[in-house]
Amino acid sequence: MIPFLDLCAHHAPVRDGLCRAMSRVLDSGQFAGGPVVEDFEKHFAQFCGTQHAVGVGSGTEALWLALLACGIQPGDEVILPPNTFIATAEAVLWCGARPVFADVDERTCLLDPAAVEAAITSRTRALIPVHLFGSTAPMDELQEIAARHGLQVIEDACQAHGAEYRGRRAGSLGRAGCFSFYPGKNLGALGEAGAVVTDDPEVAERIRCLRDHGQSAKYHHQHLGWNGRMDALQAAILLIKLRRLSACNQLRRSHARCYLRQLQSIDNVRPVDCPADCLPVHHLFPICTARREALLKALRRRRIGHGIHYPVPLHLQPALESLGHRAGEFPVAERLAGQLLSLPMYPELNQSQIEEVCGVISAVCAHRRAA
Ligand SMILES: *Cc1c(COP(=O)(O)O)cnc(C)c1O
């Protein structure tokens, strides 16, 4: 049996440190915001290479508050890919704005700059590149388009903690970068948490205000806000786990190389490409195959964990029906939804487990080529 993700194994080496950190928070009596959250924000901003980080309640909230802080309003249009977690679109809709989808590149699954350009209208205000699976979107091309049309760029870096684009960290590339610390992410809390990073002091200040009920002073509410504060317990846990993040990302890259070596000799299977100018962090390790059903069956039989990210593109989700889309509008995203399959990927995975997974894939999909 190989799990899809093994959080118990992941936490085992730092268990004592996590328990001590939780004890300290318990003794401090401060649980919502406070100095531990500020300490985490300082270290996470440093990690991302930005001036500011603002801790919030989740990645979804990070996206929503970042869009609000960047001035996204009802009637605005925001461009995003259809092959992402629904939170990216929810954040746009809860601002009262309209999500406008642009199709993605077949090999990388990341936003296609030409499709973005074609989706721009007079109402477009912002663009959300999603650094899906831990690889950065083509930011130079996207930023050039954004600059030419006066659009803001807000990164969905929820799957890309520590990923780099041309030497710069994900989250530091646009006006604001949004992170989730959901337990299964590369940097995960023991519960829900998120953050927005930015170099823009006004954006940081607006999010600090919005996450605390729009207060300018205690019980003086300047703006309509929300309760979006980060838990001190989660901040204390994240501070400890942040120290190991780079080493864990290295391990993920090494596992990805191991997968790639073994998969290259198997027909009918194509690993998702990582763009050349990106240092990926492999939040997930998806392959593309027309034999997904047979492979799913074999993986289930061998009790090998797997996932599908994502089975239904956003434009075909019933929850977003009011946007009025039909099947066939975003053919690449639709094809990928039918063919992607995520294999086990986490720092604690080992070589023999990867060999076992690839053995099952080979038995189902190949036709081995002569060496
Ligand atoms: C996880 C994720 C989110 C949402 O984060 P939560 O912390 O679960 O709210 C948003 N976008 C993407 C791409 C994600 O993977």
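Residues numbered from 1 in each chain as written. Predicted model: local features only at pLDDT ≥ 70, side-chain atom pairs only at ≥ 80, totals over all residues. Heavy atoms only, no water.

### Some points on helix α4 (residues 59-69)
Next up, step 1: Burial of α4 is extensive: 9 of the 11 residues sit out of reach of the surface.
Next up, step 2: All of the buried residues along α4 are Gly 59, Glu 61, Ala 62, Leu 63, Trp 64, Leu 65, Ala 66, Leu 67 and Ala 69.
Next up, step 3: Buried residues along α4 sit in contact with β1 (52-56), α5 (87-94), β5 (152-156), β8 (176-180), β9 (194-198) and α8 (201-210).
Next up, step 4: A side-chain oxygen of the first residue of α4 lies 3.4 Å from the backbone nitrogen of Thr 60; this N-cap is Ser 58.
Next up, step 5: Just downstream of α4, Gly 71 is the residue with a positive phi angle, here 85°. (Buried < 20%, exposed > 50% of the residue type's maximum accessible area, 1.4 Å probe, protein only. Helix = DSSP H or I, 4+ residues; strand = E, 2+ residues; numbered from the N terminus. Contact = heavy atoms within 4.5 Å. Polar contact = N/O pair within 3.5 Å; in protein donor to acceptor, adjacent residues only side chain to side chain.)

### Focus on the sheet that holds strand β14 (residues 285-288)
Next up, step 1: Taken in spatial order, the 3 strands line up as β12-β14-β15 in an open sheet, and their pairing is antiparallel. Each edge of the open sheet is held by one strand with a lone partner, namely β12 (270-271) and β15 (340-343).
Next up, step 2: The sheet contact formed by β14 and β15 spans 4 bridges and is antiparallel. By the bridge assignment for β15, Pro 286 is matched with Ser 342.
Next up, step 3: The strands touched by helix α10 (residues 292-301) within the sheet are β14 and β15, with β15 carrying the most contacts at an inclination of about 25°. (Pairing = 2+ DSSP bridges. Axes fitted to C-alpha atoms, helices over the stretch in contact; angles between N-to-C directions.)

### A few points about the site of the ligand
Next up, step 1: Around the ligand sit 14 residues, and of these Gly 59, Thr 60, Asp 156, Ser 180 and Lys 185 come closest.
Next up, step 2: Within the side chain of Gln 159, a nitrogen or oxygen atom sits 2.9 Å from an oxygen atom of the ligand.
Next up, step 3: Protein chains bury 92% of the 380 Å² of accessible surface belonging to the ligand in isolation.
Next up, step 4: Only α4 and α5 provide two or more residues apiece to the shell around the ligand.
Next up, step 5: For the shell around the ligand, the element with the most residues is α4, which contributes 3 residues.
Next up, step 6: In the shell around the ligand, the residues fall into 5 nonpolar, 7 polar and 2 charged. (Near = heavy atom within 4 Å. Areas by Shrake-Rupley, 256 points an atom, 1.4 Å probe, with all protein chains shown as cover. Nonpolar A, V, L, I, M, F, W, Y, C, P; charged D, E, K, R; others polar.)

### Quick word on the pairing of strand β3 (residues 98-101)
Next up, step 1: Pairing between strand β2 (residues 77-80) and β3: 4 bridges, direction parallel. Bridging across to β3, Val 78 finds its partner in Pro 99.
Next up, step 2: Handedness of the β2-α5-β3 crossover: right-handed. (Right-handed = clockwise from strand over helix to strand, strands pointing away.)

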